[in-house]
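So you can see what is in the structure, the chains are spelled out below.
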Amino acid sequence: MATRPNKSLTYPVPAAMAKAHCNSVEQYDEMMKESLENPGKFWGGIASEFKWNKKWDTDLSYNFHRSKGKVEIKWFEGGETNVCYNAIDRHIEAGKGDKIAFYWEGNEPTADGSMTYQQLHDRVCQMSNVLKSCGVTKGKVVALYMPMILELPIAMLACARVGALHTVIFGGFSSKSLSDRMFDAKADLLITASGVYRGKKFIDLLAISKEGVEMTAELGHEVPNVCVVQWTDVKADMPEQDSYWLLEDKIASASTECEVEWVDAEHPLFLLYTSGSTGTPKGVVHTTGGYMVYAYTTFKYVFDYQENDVFWCTADCGWITGHSYITYGPLFAGSTSIVFEGIPTYPDVGRFWEVCEKYKVTQFYTAPTAIRALKRYGDEAVLKYDLSSLRVLGSVGEPINPEAWEWYYRVVGQEKCAIVDTYWQTETGGHVLTPLPGVKPTKPGSCSGPFFGVDMNILDNEGKAVEGPGEGFLAISRPWPGMMRTVFNNHERFEATYFSQFDGFYCTGDGGIRDEDGYMWITGRVDDVMCISGHRIGTAEVEAAMGKHEGIAESAAIQIPHDIKGNSIYTFVVLRPGYEMTKELKKELVQIVRAEVGAFAAPDKIKEAEGLPKTRSGKIMRRILRKIATKDFDTLGDTSTLADSSVVDQLIKNANIED
Ligand code: WTA
């Protein structure tokens with residue numbers, strides 16, 4: 001797929017960026033310096049733009065050294081605020097009640113709508129009152145398993161208003177994944193919808209939810225309430241139980257006023273489950289004050305948000321991108337943005353561009369997977385539309401290969417837009433490495449450099465920071481306001497996952513390069529996390545799912561390069577005696593992964609193996625499997641640490657047999 005990036009190729013800052021919020025290297029350097037030397041003052045200044053019921057006492061206190069005790073991060077301690085108030089009420093007070101907060105564009109191009117800040121306020125208050133009526137108050141957890149309809153950000157904001165924590169579960173997850181998350185979070189309420197169309201396909205969210213609730217009960221937690229939003233023309237098949245009720249039966253009579261619950265700056269705002277290299281997904285916890293300030297600041301500077309812009313992020317609220325750049329960042333800035341229910345290829349491959357033209361979108365933010373998929377259909381499908389309103393084009397979720405970058409720049413952006421390749425993670429809350437569109441030339445495939453307040457290091461194997469050009473582990477030496485604070489109910493796992501590899505550093509799990517000009521390039525995960533179409537999937541999750549099949553003794557999942565998806569999943573499986581690798585069995589295995597994790601985690605390739613290459617301590621050597629899967633047999637590297645090196649010969653022999 002990717003040719004090697006040309007590290008000296010640069011594209012100039014577009015002329016339209018002359019008046020960007022940050023528009024020179026000098027300004028960037030100065031702000032960067034201030035943010036690192038005087039973080040409390042820098043971030044405190046921005047925090048003061050928000051409404052605080054009580055001002056904070058301490059800007060920042062933290063410990064990043066596990067060797068010195070508990071890892072802890074506190075921003076704006078002692079302060080009291082409310083995220084929902086700052087996203088909505090604050091703008092109404094400033095006279096912007098009639099401004100459009102959200103445009104909504106449905107799966108069908110004929111289905112659309114909009115909502116002003118005042119209307120959003122009223123709907124959020126009604127939803128908050130519904131939450132309160134079923135006992136959801138400060139500190140309780142609400143699971144959201146919903147399509148991309150306005151009720152989703154409304155529900156998120158309503159949780160924030162009453163001090164409850166939301167955990168959004170992407171609508172593509174299976175009932176099993178839904179139940180694992182609801183169980184871990186001990187959800188007090190599930191909000192779902194009767195169903196949704198994605199393209200022409202109907203997804204029965206309610207049926208999956210019912211199964212998920214039953215499975216959660218089997219695990220030992222009863223979800224006391226399930227709220228169903230009637231959606232699409234398919235009528236909700238409501239279960240008999242009282243715990244299930246329709247939102248429409250309660251919301252109309254709910255008041256459009258609801259006092260906000262002022263919470264501590266470090267009160268948790270949400271948890272969002274994400275995959276790691278081992279075990280089950282972890283509930284990444286973000287808190288109130290720091291997240292608010294960081295989502296806002298990154299939104300403002302990275303997309304160069306200006307007052308009359310129309311911002312569009314194509315992500316789903318089920319991922320962190322949808323949290324920070326659909327629900328929260330845009331509303332903190334008082335912007336107008338788009339919530340999109342559909343998919344890029346329905347009713348045709350021009351859908352993204354049609355929507356950009358329709359709303360005169362100024363900033364467009366999507367994933368490399370989508371760019372690569374749409375590039376295949378040629379320039380005509382894009383050039384049919386008037387995209388002259390666009391100013392900034394963003395990319396997120398995985399490395400963008402230079403070919404896709406250049407197509408995005410030349411065809412979609414007509415060589416007039418800034419491209420921002422934003423590197424960040426569920427854990428970081430907002431962008432940590434990214435170009436600012438008005439600052440310096442960009443390089444296709446590079447995410448430029450750190451955002452304010454981020455001291456990104458490249459560490460060698462010993463944990464020593466590489467100065468100047470070099471390659472190594474990406475790790476951050478001090479807290480920025482948007483970083484996660486803990487793993488839900490498992491602080492030990494938080495410390496072990498992120499702070500044990502290099503004492504004193506938050507370890508991202510990604511590798512990176514700093515080139516001669518100081519530009520950063522992401523080389524990909526250094527742990528056992530895969531990145532498929534920009535979605536994070538743990539090898540352990542796929543392997544655990546396959547292991548549920550009675551015919552499987554053990555398995556190993558790896559990712560190999562894929563033209564559109566960036567990577568695809570390749571699995572090696574060892575069968576139990578009496579089983580044979582047949583088409584049927586492969587289908588069953590794919591099915592089991594779809595059911596246990598979700599359709600997006602289904603392996604593209606299943607290969608039988610007699611054994612797996614393991615170290616003497618039993619760890620699967622995925623490096624070797626990756627080489628074998630891509631038939632790169634000559635550079636297998638050191639196999640001397642393998643417990644049984646004859647396994648490799650067998651794997652090579654098998655690899656050459658097509659099946
Ligand atoms: C990868 C998504 C290269 C990276 C916001 C990271 C990227 C993981 C980029 C986080 C990028 C994200 N270039 N790689 N611009 N953005 N990644 O938690 O491996 O779903 O660790 O957050 O995606 O994925 P997550």
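About the thresholds
Residues numbered from 1 in each chain as written. Predicted model: local features only at pLDDT ≥ 70, side-chain atom pairs only at ≥ 80, totals over all residues. Heavy atoms only, no water. Near = heavy atom within 4 Å. Polar contact = N/O pair within 3.5 Å; in protein donor to acceptor, adjacent residues only side chain to side chain. Areas by Shrake-Rupley, 256 points an atom, 1.4 Å probe, with all protein chains shown as cover. Helix = DSSP H or I, 4+ residues; strand = E, 2+ residues; numbered from the N terminus. Pairing = 2+ DSSP bridges. Axes fitted to C-alpha atoms, helices over the stretch in contact; angles between N-to-C directions. Contact = heavy atoms within 4.5 Å. Salt bridge = Lys/Arg side-chain N within 4 Å of Asp/Glu carboxyl O. Buried < 20%, exposed > 50% of the residue type's maximum accessible area, 1.4 Å probe, protein only. Domains from an automatic or database assignment. Buried area = accessible area lost by both parts, 1.4 Å probe.

The next thing to look at is the site of the ligand. Taken together, 16 residues surround the ligand, and among them Thr 422, Thr 426, Asp 510, Arg 525 and Arg 536 come closest. Contacts to the ligand include Gly 397, whose backbone N or O atom sits 3.1 Å from a nitrogen atom. Here an oxygen atom of the ligand and a side-chain polar atom of Asp 510 are 2.5 Å apart. In the complex, the protein chains occlude 95% of the 520 Å² of accessible area that the ligand would expose alone. Counting residues per element, the ones that place at least two in the shell around the ligand are α10 (320-332), β21 (418-422) and β26 (520-525).

As summarised here, the arrangement of the seven strands in space is β6-β5-β18-β17-β19-β20-β21, forming an open sheet in which the pairing is mixed. Only two strands of the sheet have a single partner each, and these edge strands are β6 (112-116) and β21. Across the sheet, the mean angle from the axis of one strand to that of its neighbour is 20 degrees, orientation sign disregarded. Inspection of the sheet shows strand β20 (residues 392-396) paired to β21 by five bridges, in the parallel sense. Considered in β21, the bridge of Val 392 is made with Ala 418. Its contacts with the sheet place helix α4 (residues 117-133) against β5 (100-105) and β6, and it is angled at close to 90 degrees to β6.

The next point concerns the pattern of salt bridges. Following the criterion strictly, the structure yields 34 salt bridges and no others. Glu 37 serves as the salt-bridge partner of Lys 33, at 3.9 Å between the closest nitrogen and oxygen. Note that Lys 33 and Glu 37 are positioned in helix α1 (residues 25-37) at a spacing of four residues, about one turn of the helix. Here Lys 99 and Glu 307 are joined by a salt bridge, their closest N and O atoms 3.0 Å apart. Of this pair, Lys 99 sits in the loop between α3 (83-93) and β5 while Glu 307 is found in the loop between α9 (288-302) and β17 (310-313), placing the two residues 208 residues apart along the sequence. Judged by its relative accessible area of 16%, Lys 99 falls in the buried class.

A few words on the domain arrangement of the protein. What the domain assignment lists for the protein is domain 1 (15-82 + 269-525), domain 2 (85-261) and domain 3 (529-655). One C-alpha centre belongs to domain 1, the other to domain 2, and the line joining them spans 26 Å. With 47 residues of domain 1 in contact, the opposing surface of domain 2 contributes 47 residues. By the criterion of area lost to domain 2, the three top residues of domain 1 are Asn 82, Val 339 and Glu 341, representing 19% of everything that side buries. Counting across the domain 1 and domain 2 interface gives five salt bridges. Where Glu 105 meets Lys 358, a salt bridge forms, and the shortest distance between an N and an O atom there is 2.8 Å.

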